[in-house]
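Understanding the architecture of this molecule
The residues making up each chain are set out below.
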Amino acid sequence: MQLTYVEGASPDKWLRVWRERHPRNPMRAVRVPESEQLRALEEGSADLAIVRVVDQAALARLQATQFAVELYRERTVAVLSRDHELAEFEALDLADFDDVPRTPNQATVEDTLAVTAAGVGVCIVPM
């Protein structure tokens, strides 16, 4: 059995429960980039996946073809450099970022945050 999961997800609890309930059927966990999170399910190389659904259309497609359970909803936050013009506001809406350049996605969330801190743009990420 193989479980894929995206960066930021915590599969430990699910793996522990699996080991307790199915000790003779080990499960391997593999972290995948968010951009490839559905590919393993679609290709059949993963039996289970913890994915981050970024839009309702993606969730609907997933539910139409797979058995999908929503485990929780993540709060969305904006990350920007300290000297960004929007940094002075206490609260913002996503619409406030419509015309603001986004930080290009890097290999990891940590790398994207580092580029954002350098003032390249802003990134919208799960908290």
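You'll find the structure just up there.
Report follows, based on the coordinates. None of the values given here were measured: they were computed from a predicted structure.

**Some details on the environment of Q66**
- Its place among the elements puts Q66 in the loop between α3 (56-65) and β4 (76-79).
- Once the C-alpha coordinates of Q66 and L41 are considered, the two residues, 25 residues apart in sequence, prove to be 8.5 Å apart.

**Structural notes on the packing of aromatic side chains**
- Tallied over the entire structure, the rule returns 0 aromatic pairs.
- One residue, K13, lies across the ring of W14, its end atom 4.8 Å from the ring centre.

**So, the nonpolar core**
- Core analysis: the largest hydrophobic core is formed by 8 residues, namely L3, Y5, V6, A9, L15, W18, M27 and I50.
- Of all elements in the fold, only β1 (2-6) and α1 (12-21) reach the threshold of two or more residues within this core.
- Residues contacting L15, with those up to four places away along its chain left out, are L3, M27 and A29.

Calculation notes
Residues numbered from 1 in each chain as written. Predicted model: local features only at pLDDT ≥ 70, side-chain atom pairs only at ≥ 80, totals over all residues. Heavy atoms only, no water. Helix = DSSP H or I, 4+ residues; strand = E, 2+ residues; numbered from the N terminus. Phe/Tyr/Trp six-rings, centres within 6.5 Å; stacked < 30°, edge-to-face > 60°. Lys NZ or Arg CZ within 6 Å of the ring centre and 35° of its normal. Core = buried A, V, L, I, M, F, W, Y, C linked by side-chain atoms within 4.5 Å. Buried < 20%, exposed > 50% of the residue type's maximum accessible area, 1.4 Å probe, protein only. Contact = heavy atoms within 4.5 Å.

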